[in-house]
Amino acid sequence: MRARLRFLLTLSLTATVAWGGAALAATPDDTLVIGYNRAANNLHPGVNASLPNIWANMLIYDSLVIHDAQGKAHPALAKRWEVSKDGLVWTFYLRDDVKFHSGRKLTATDVKAHFDLWKTMPTATKIAALEKTDVVNDTTVRFTLKNPTLVFLSMISQTEWSYSGIPDSEAVKKYGQDYGVLPESISGTGPFKVTGWVRNDRIELARNPDYKWGPAFYKNQGPARVEKVMIKTITEEAARSAALERNEIDMDISLSEKDAPRLAKTKGLRVILQPKNTAHHIGFNHDKPLLKDTRVRLALMYAIDQKAIVEAVYNGYATPSVGLWATTVEGHSPPAEMAKIAPSYNPARARQLLDEAGWKPGSDGIRMKDGQRLSFTAYGYSEQQANLLSVVQQQWREIGAESQLRQLEYAAWQKAVTAGEHDTSYTDGTHSTADLSYWWVCKSMPYPNILKRCDEATDRYFEITQTTLDPKKRIQAFQDMEKDFMRRAAMIPMPHTQWVVGTSDRVADLELHPIHGYFKLLDARKTK
Amino acid sequence: MNSLFRGRYLAVAGLACLLVFVAGVLLAPWIAPYDPQRQVIAERLQGPSAKHWLGTDQFGRDIFSRVLYGGQVSLGIALLSVLLGLVVGGLLGLGAGYFRRLDGPVMRAMDVLLSFPAVLLAIMVVTILRPGILTVIIAVGVRSIPAFARMVRGAVLVVRSLPYAEAAAAIGASHLRTITRTIVPNSLPPVLVFSTLQIANNILLAAILSYLGLGIQPPGAEWGLMVSQGRGWLRDAPHVAMMPGLAIFAVVLAVNMVGDGLRDRLDVKLKESA
Amino acid sequence: MLGYIARRLRATVFVLVGVSALVFVMVRLIPGDPALILAGVDASREQAAEVRRGLGLDQPIWVQYARYVRRAVEGDLGKSIHSRRPVWREIRDHFPATLELTMVSLALAGALGIVVGVVSAVRRGSALDSLAMVGSLAGVSMPIFLLGVLLIWLFSLYLGLLPTGGSPPCLFCVDHLRHLVLPAITLAGVSVGMVARLTRSTMLEVIHEDFVRTARAKGLAERLVIYKHALRNAMIPVVTYMGLQFGVLLGGAVVTEQIFSWPGMGRMLVEAIESRDYPVIQGAILFMAAVFVAINLLVDLLYGWLDPRISYE
């Protein structure tokens, strides 16, 4: 009995070790395996705003135009375009050598079909200015706008969340609501086509061998250099880091900042940092009597030590902000000018402002005025935001302000802030241009204008940015708006985050985009 | 006490361990070396040392202090949720067992609750109500209702069929008297044992909710939340998640040991799955 | 017997109707609007209202429920709001992974638990017995996420033996098993302890029963007594317990699937709750409840078949 047991034990141990040996096999040479924390659910461009969908769509589809990492527009499916004098009619001339994955040729009809369908979709706010789309001939399409706007080109660029990616109109017609859901329905013109899709788990893509219409800012305009791409969903960040370390994936697009320092030192791995176009902030609810006093809001801004936040929340992988917009965002103010205006960490000044406003420290250190405590809520919708708010909470506590944290799920958060039950709320903002300011105009109340601040000056600045045909005026208006936000304490800017991407050394020529991470993967390749 | 646990070393060890924890948790304001919320960014992610017995977390907070204060929340939730299940479930079970007309509807409703997977039921309740301590108590407590109801109903049925209960009814004792004098004392031992085991279960379920980000709100200290927040640092600072994780494990183990001892002592038979 | 089955089936239908109604109401009590999520951050209120109409969410709740039940009876659980696929297809895609995980965990728990339980019972009072029982108790007391995290730590990170998670790349390959090991052990963790404890206690009971004593008195070899007579009878409650545990594990897989990125029903449901995908939440919970109830029914019948002393009248 005992001998037999010992034999079994030995056998199983040997098997385990043999197994372990096999485990060291890396990802296949021809496949780039990308890890991400969430899964895509619908790959019809325009249907849904979730990041995993958008990223996959970047690879599967092309749009008429596309912006590069510096924010410059480039021809894509359109060779060139013209705008009428009054800015109302936009004519796009298409390439006539483009084929869908299905083998069909792309014509102006496909473009019109997509824009007509997009107009009926929830994401159509992007093209609110679009009146109608006409097919002039097979390779010419004409858009007529309701009002002139410079923003139109950005809005129909693929960079704008890929909504404008053109799907095969025949396939869309054939599959109806199932388009973008069944893997076999999906047909775009992009450098990769869908070959397999296991929900909540992975998307398998193979390169499009006929591709030769890549945008000019890539070195390679032809077929992608990697044969296959697999996007794998791994929800736990520690598990993703481990998968990268164990070569189960080649690239972790949302690498945990906690593991980044170690992985950067790990042999065979690299950590790539890429600034993001962010405007993260803590917004005040200007409807709340407590926060109506500009001195109180300014004091809360002066209390923030962004360096501590960068350290404790992002493990060093973020940069303190000066003003609202990252310096890569079109419309940001020059940092030197901003530094003079935007309040920076100065607790003494914060205390002085609160004293002036009549808030005097109570027995437990929290300030009081007319029997009311300086106490308010701070909302957020993710674990990281809660982490950030708990550091901020501590810093506010230092100047005698008390805050209660409310971490909600996204949907519940959205409902709460729309109803205006928050006093302050953290909000993530990522956008290529300062056009994101439409969040804060009067007509965006109650959502997304969760500042609950209808301000005549803000609306005026925004109006200029949207209607002027002079790019200089547009930038000036954005800068004026940002300075006004800081002077009058509309919101508290938070550190700018960055892409923290972990890759194996086998990944070469990887190009990253400040908003869209790996973007179209035309140059990237995998070495042996 | 001594006679209750005589010869049952595991139960005694469990009880001792539990007492240490409860004392530590209750005396937290006097024992804890630091304010559990106090952040010292310069001292973040330090391992255990003389200054910080269990080390510090990502914000430079003292983990020992947080484990002590966190225990108040974790143990409080477990106790109150069992109490909730006991009171609601007990009343329903009493009603169902005592008044025949209520029996069918109440027990069918309990069947419905029981056929909901426990974790999912809790998740649904938390999502409907706002996250927070009270919500977690309700979400975790709801799960124990059907089990308590079944148990109390069973006890009532047994007691009702006993000769003296029938006799009491025959001489015209009031419902209330029958219930308080005969039924409650008789169903007490199994309920007591079951409650103990349920406390262990509820600590775990509450921790699961916090772990999934649906429980206690940060920056509050709660053991499940602490594990959840520390799990990203597992490689470089494993103590952040392990210390509160071990606290959960130790307390649940201790409660289970005590529960086992009680069961043997009171000679109660329970279906393990209940 | 037939009458009993009929009664049980009636009760089952009642439970399912109850569950469906409860889920239906609960889902609609969750704050947050699926239309708003679907419409995206940029959508205007008019657009959101339009989406809501399209989903039928503007109707009174009983109208929605009546419509839902009518369709559910015909086997139509509706379509996912997000993926736009029929809910039954989502279930079909995700359930096998959960089923596999659950069955393997249960087999693991059964095999290990019964062996440990029997050995403990036979060597009652020995050091081995104490060790096994303390170990079982520890297993029962282990928070499932802590176990999962510890296993990843040990086997994936330090030893580098097993993958950290994710679904198997192929159906019949060694890699499949390797992906399965850690989640299955994690999910089995609690059950092993339970099964071991239950096996031990029923074994101890049975050993003292008349027929075992008779067998022993007749001079049968001790081993034969234990394995042929005692074990077979002791297995009845254990098998019953495991049957019930099967349903519990199906639901309990939520956490395990989350930790190991296992693409099963649990993760599908958590995602669905987050994105307020009403039809998926309803359909999936109803399905899980149906499986749970069906298993309970089966276990009850099996119990009677195993133990002829039980009668159903």
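Residues numbered from 1 in each chain as written. Chains lettered and ligands numbered in written order. Predicted model: local features only at pLDDT ≥ 70, side-chain atom pairs only at ≥ 80, totals over all residues.

So, about the overall build of chain C. Check the secondary structure of chain C and you find 12 helices and 0 strands. Reading the secondary structure of chain C in the N-to-C direction produces α-α-α-α-α-α-α-α-α-α-α-α. C-alpha atoms of chain C, sized along the principal axes, occupy 85 × 60 × 35 Å. By residue count, 50% of the 313 residues in chain C fall in the buried class. Across chain C, the fraction of contacts at a sequence separation of at least 24, relative to all contacts at a separation of at least 6, is 72%. (Helix = DSSP H or I, 4+ residues; strand = E, 2+ residues; numbered from the N terminus. Buried ≥ 20, exposed ≤ 12 C-beta atoms within 10 Å, placed from the backbone. Contact = placed C-beta atoms within 7 Å.)

Let's shift gears to the overall build of chain A. Per the secondary structure count, chain A includes 15 helices and 24 strands. Against the 2.2 N^0.38 benchmark of 24 Å for 528 residues, chain A shows a C-alpha radius of gyration of 26 Å, consistent with a compact globule. For the C-alpha atoms alone, the extent of chain A along its principal axes is close to 90 × 70 × 40 Å. Scored against the burial criterion, the 528 residues of chain A give a buried share of 54%. Contacts in chain A between residues far apart in sequence, at least 24 positions, make up 67% of those at least 6 positions apart. (Rg over C-alpha atoms; globule rule 2.2 N^0.38 Å.)

Take the interface of chain A and chain B next. Residue-level contacts link 20 residues of chain A with 17 residues of chain B. For the side of chain A that touches chain B, the secondary-structure elements that each account for two or more residues are α6 (237–245), α9 (306–314), α12 (383–398) and β19 (402–407) of chain A. The leading source of residues in the side of chain A that touches chain B is α12 of chain A, at 7 residues. The class makeup of the residues in the side of chain A that touches chain B is 6 nonpolar, 6 polar and 8 charged. (Nonpolar A, V, L, I, M, F, W, Y, C, P; charged D, E, K, R; others polar.)

So, on to the packing of helix α5 (residues 100–114) of chain B against helix α7 (residues 133–161) of chain B. All names here are of chain B. Axis separation between α5 and α7 bottoms out at 9 Å; the angle between their running directions is 140 degrees. One way to sum up the angle between α5 and α7 is to call them oblique. In the packing of α5 onto α7, the handedness of the crossing is left-handed. Residue-level inspection shows Val-106, Met-110, Leu-113 and Leu-114 of α5 in contact with α7, the latter providing Ile-145, Pro-146, Ala-149 and Arg-150. For the contact of α5 with α7, the per-class residue count stands at 7 nonpolar, no polar and 1 charged. (Axes fitted to C-alpha atoms, helices over the stretch in contact; angles between N-to-C directions. Parallel < 35°, antiparallel > 145°, perpendicular 65-115°, else oblique. Left-handed = near helix turned anticlockwise from the far one by under 90°.)

Let us now look at the pairing of strand β10 (residues 228–233) of chain A. Residue and element names in this part refer to chain A. In terms of residue burial, β10 counts as a mostly covered element, since 5 of its 6 residues are buried. Where strand β1 (residues 31–36) lies against β10, 6 bridges are found, and the strand directions are parallel. Of the residues in β10, the one forming a bridge with Leu-32 is Val-229. Bridge count for strand β9 (residues 202–207) against β10 is 5 bridges, and the pairing is antiparallel. Bridge pairing links Leu-205 to Val-229 in β10. (Pairing = 2+ DSSP bridges.)

Topologically, Ile-199 of chain B is positioned in helix α9 (residues 175–211). When neighbours within four sequence positions are excluded, Ile-199 of chain B is seen to be in contact with Ala-78, Leu-79, Val-82 and Val-255 of chain B.

Turning next to the sheet that holds strand β4 (residues 78–83) of chain A. Residue and element names in this part refer to chain A. Read across the open sheet, the 4 strands follow the order β4-β5-β7-β6; overall the sheet is antiparallel. The open sheet has two free edges, formed respectively by β4 and β6 (130–137), since each of these has just one partner strand. Geometrically, the sheet is characterised by an average inter-axis angle of 20 degrees between neighbouring strands, direction not taken into account. In this sheet, strand β5 (residues 89–94) lies alongside β4 in antiparallel orientation, the contact comprising 5 bridges. Residue pairing for β5: Val-83 is matched across the bridge by Trp-90. Helix α3 (residues 108–119) contacts β5, β6 and β7 (140–145) of the sheet and is inclined by roughly 165 degrees relative to β6.

Moving on, we get to unusual backbone geometry. A cis amide bond links Met-445 of chain A with the next residue in sequence, Pro-446 of chain A, at an omega value of -5 degrees. Inspection of the secondary structure assignment puts Pro-446 of chain A in the loop between β20 (424–427) and α14 (456–467). Here Asn-247 of chain A, not a glycine, exhibits a phi torsion of approximately 60 degrees, which is positive. With respect to the helices and strands, the residue Asn-247 of chain A is situated in the loop between α6 and β11 (251–252). For Leu-45 of chain B, which is not glycine, the phi dihedral falls at a positive 55 degrees. Here Leu-45 of chain B is to be found in the loop between α3 (28–31) and α4 (63–98).

What follows concerns α6 of chain A. For an α-helix the count is 3.6 residues per turn, leaving residues at separations of three or four pointing the same way. Buried residues dominate α6 of chain A, accounting for 9 of its 9 residues. Taken as a whole, α6 of chain A has its buried residues at Glu-237, Ala-238, Ala-239, Arg-240, Ser-241, Ala-242, Ala-243, Leu-244 and Glu-245 of chain A. Of the surrounding elements, those touching the buried residues of α6 of chain A are β1, β11, α7 (260–265), β12 (269–275) and β22 (496–504) of chain A together with α7 (144–158) of chain C. The positive-phi residue at the C-terminal boundary of α6 of chain A is Asn-247 of chain A, with phi of around 60 degrees.

Turning next to the confidence of the model for chain C. Residue and element names in this part refer to chain C. Averaged over all residues, the pLDDT of chain C equals 81, while 91% of them reach at least 70. When pLDDT is averaged over each element of chain C, helix α5 (residues 87–122) comes out on top at 91 and helix α2 (residues 34–39) at the bottom at 68. Predicted as a complex, the structure gets a pTM of 0.86 and an ipTM equal to 0.83. (pLDDT = per-residue confidence, 0-100.)

The next subject is the sheet that holds strand β16 (residues 367–369) of chain A. If you trace the 3 strands from one edge of the open sheet to the other, you get β15-β16-β17 (chain A), paired in antiparallel fashion. Each end of this open sheet is capped by a strand with a single partner; those strands are β15 (360–361) and β17 (372–373) of chain A.

Moving on, we get to the nonpolar core. Where a protein is soluble and globular, its nonpolar side chains tend to be buried together. Counting 327 residues, the largest nonpolar core has Ile-34 of chain A together with Ala-122 of chain B as its most contacted members. The element contributing the most residues to this core is helix α10 (residues 222–260) of chain C, with 17 residues. Ignoring anything within four residues of it in the chain, the contact list for Ile-34 of chain A reads Val-229, Met-230, Ile-231, Lys-232, Ile-249, Met-251, Ile-253 and Tyr-518 of chain A. (Core = buried A, V, L, I, M, F, W, Y, C linked by C-beta atoms within 7 Å.)

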